[in-house]
Amino acid sequence: MSTIIVQGHPRRGMSDASRLVVLVVGGGGREHALCIALAASPSVSEVHVCPGNAGTRLLAQNHPISASDVSAVVELAKELGADLVVVGPEAPLVDGLADSLRSSGIACFGPDSENAMLEGSKLTAKSAMSEFGVPTADYLILDADSDIDSALSSYSESGDPWVVKRDVLAGGKGVVVTTDFEEARTAIEQAIESDGKVLLESFLPGEEASVLVLMDESGYVCLPASQDHKRLEEGDKGPNTGGMGAYAPAPVYTDEVRRKTIERIVEPMHIGLSKKDSPYRGVLYVGLMIDEDGDPYVVEFNVRFGDPECQITLPLIESDLAGHLLACAEGRLSSEHVEFRDSHCLTVVLAAEGYPGSVEKGRRITGDGLIVNSEEGQSSSWINHAGTAWKDGELVSSGGRVLSATGIANSLSEAAESAYSLIDKIQLEGAQFRRDIGHRAL
Ligand code: AMP
Ligand code: GLY
């Protein structure tokens, strides 16, 4: 198997004073991936993270501040003299973290609260798509005055499942796709009771892919498309999760699909968002459904890197990530030249017992490869920490998705082999992971 060096770039050619102090906000696998890439960047002198996890502590300085505490994060960024803040999760963006940082004169990679509503509200996303002519599923808005049974009946004439979407940030739990009439009705009733309204969307058949697009008013850069595995069990069965593994590039995203996605989705979104008083600066996660004719439709927008898509996309960027993210935060992305590796990357998530329900925490994690240090010159596989913590000198689990094993190689099958041989060396009582990540492409 060939070895591809993705970490541990020597830091040459820049004085400390001209290198960047970067603060990463968040504490999951996505943020560990950001810390790995930023710590390896020749243009970065210090990486800080709040709150971080047991893995980020080995590459960056952890600060015990919650990502959702907007004012404390802004204060920390000021104290550190941060040149760039990179925001991982969506909630602080919706709550105005980027707005506060920018008004304090600190560059932030992540959109302001108005643009973050593309994820914070499905209706806002639908209105933007309708305004900019972007293809997506038709929908109805139901509220307390609606006749739910007749709405469900009219949508089920085709025999397709019902798609019920809440209009609030619901941590990945706001969507129900079901062929069960009672389940659909219950989901609608509950959503109307808690939110006042709900979307009933037509079902889009096809295969999903995600495209992460770096975007500011000067331009955009599409990163290699990936595919996430949202279901808990092998064969894409069982309950939905935050993602049990992912790989990139996704072969369903052919050159032709790419061309259509840019022409019909990315370009119109970029033109529309760039006309606003406050343009979009950050990453736009475009969740696609690609039908059998290769026509792409938007299933969702997120205003952040996906997790675990981030873990397998960043290693495919060969050029300096910190420089690209800073340029994007400052509205000069079009002057950047982003280079990619001609490689394949795959990650397998190890989840705690009980996930995606309530989980057992504080269990000891042992095995090889748990220490990821950017100075080590890492190679074709490594561990991305997520729900991990140090307790009394031991590594323990502290969340649902505990870690993931990531492999990179010249082929997807080699990347999978690397990731699986690493995850097989990890011990955590009751842990669960899927053996079939990447199955559609292998
Ligand atoms: P969302 O949070 O909107 O991405 O929805 C979560 C998941 O539900 C998606 O990744 C799809 O698997 C599925 N989904 C959402 N909307 C649709 C749709 N209109 N048709 C088919 N599947 C959908
Ligand atoms: N893995 C899906 C997401 O980050 O939304």
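We now turn to the structure provided with this report. Predicted model, so just to flag it, every value in this text is computed and none were measured. (Residues numbered from 1 in each chain as written. Chains lettered and ligands numbered in written order. Predicted model: local features only at pLDDT ≥ 70, side-chain atom pairs only at ≥ 80, totals over all residues. Heavy atoms only, no water.)

Brief notes about the overall build of the protein chain
The helix and strand tally for the protein chain stands at 12 helices and 24 strands. The C-alpha atoms of the protein chain give 21 Å as radius of gyration, which agrees with the globular expectation for 442 residues (22 Å, within 12%). Viewed in the frame of its principal axes, the protein chain has a C-alpha envelope of about 65 × 50 × 40 Å. Considering the protein chain as a whole, with its 442 residues, one finds that 56% of them fall into the buried category. Taken as a whole, the protein chain presents about 17,400 Å² of accessible surface, with 46% of it coming from carbon and sulfur. (Helix = DSSP H or I, 4+ residues; strand = E, 2+ residues; numbered from the N terminus. Rg over C-alpha atoms; globule rule 2.2 N^0.38 Å. Buried < 20%, exposed > 50% of the residue type's maximum accessible area, 1.4 Å probe, protein only. Areas by Shrake-Rupley, 256 points an atom, 1.4 Å probe, with all protein chains shown as cover.)

Things to note about the site of ligand 1
Inspection of the region around ligand 1 gives 15 residues, with Lys 122, Glu 201, Leu 204, Glu 208 and Glu 300 positioned closest. Between ligand 1 and Lys 122 there is a distance of 2.9 Å, counted from an oxygen atom to a side-chain nitrogen or oxygen. In the complex, 87% of the free accessible area of ligand 1, which totals 470 Å², lies under the protein chains. Contributions of two or more residues to the shell around ligand 1 are made by strand E7 (162–165), strand E8 (175–178) and strand E17 (296–302). (Near = heavy atom within 4 Å. Polar contact = N/O pair within 3.5 Å; in protein donor to acceptor, adjacent residues only side chain to side chain.)

Focus: the site of ligand 2
Taken together, Asp 228, Gly 242, Tyr 285, Asn 302, Arg 304, Gly 306, Asp 307, Pro 308 and Glu 309 are the residues near ligand 2. Gly 242 places a main-chain nitrogen or oxygen 3.1 Å from a nitrogen atom of ligand 2. Between ligand 2 and the protein, one listed contact pairs an oxygen atom with a backbone N or O atom of Asp 307 at 3.0 Å. Considering ligand 2 on its own, with 200 Å² of exposed area, one finds that the protein chains cover 90% of that surface. Taken together, the residues that form the shell around ligand 2 break down as 2 nonpolar, 3 polar and 4 charged. (Nonpolar A, V, L, I, M, F, W, Y, C, P; charged D, E, K, R; others polar.)

A closer look at the sheet that holds strand E18 (residues 344–351)
Pairing in this open sheet of 5 strands is antiparallel, and the strands run E12-E15-E18-E23-E20 from one edge to the other. Two strands in the sheet have a free side with no partner beyond their single neighbour: strand E12 (227–228) and strand E20 (381–385). By the bridge criterion, 4 bridges tie strand E15 (residues 245–248) to E18 in an arrangement that is antiparallel. Pairing of Ala 248 across the sheet is with Cys 345, part of E18. Those strands touched by helix H12 (residues 412–423) are E15, E18, E20 and strand E23 (401–409), and its axis lies near 30 degrees from that of E18. (Pairing = 2+ DSSP bridges. Contact = heavy atoms within 4.5 Å. Axes fitted to C-alpha atoms, helices over the stretch in contact; angles between N-to-C directions.)

Concerning helix H5 (residues 113–120)
Listed in full, the buried residues belonging to H5 are Asn 115, Ala 116, Leu 118, Glu 119 and Gly 120. Of the surrounding elements, those touching the buried residues of H5 are helix H3 (91–94), helix H6 (122–132), helix H9 (255–274), strand E16 (282–290) and E17.

Considering the sheet that holds strand E6 (residues 139–143)
The pairing of strands in a sheet comes from backbone hydrogen bonds and takes either a parallel or an antiparallel form. Here 4 strands make up an open sheet; going across it, the order is E6-E9-E7-E8 and the pairing antiparallel. Strand pairing shows two members of the sheet lacking a second neighbour, E6 and E8, which therefore form its edges. For this sheet the average axis-to-axis angle between neighbouring strands, irrespective of direction, equals 25 degrees. Pairing between E6 and strand E9 (residues 197–201): 5 bridges, direction antiparallel. Within the sheet, the bridge partner assigned to Tyr 139 lies in E9 and is Glu 201. With respect to the sheet, H6 is in contact with E6, E7, E8 and E9, its orientation differing from that of E9 by roughly 50 degrees.

With respect to the packing of aromatic side chains
Scanning the entire structure with this criterion turns up 3 aromatic pairs. When the centroid spacing of 5.8 Å and the interplanar angle of 20 degrees are considered together, the rings of Phe 109 and Phe 305 count as stacked. Of this pair, Phe 109 sits in strand E5 (residues 108–109) while Phe 305 sits in the loop between E17 and helix H10 (309–313), and the two are 196 residues apart along the sequence. Given a relative accessible area of 1%, Phe 305 falls into the buried group. Between Trp 162 and Phe 181 the ring centres are 5.6 Å apart and the planes differ by 80 degrees, which places this aromatic pair in the edge-to-face class. (Phe/Tyr/Trp six-rings, centres within 6.5 Å; stacked < 30°, edge-to-face > 60°.)

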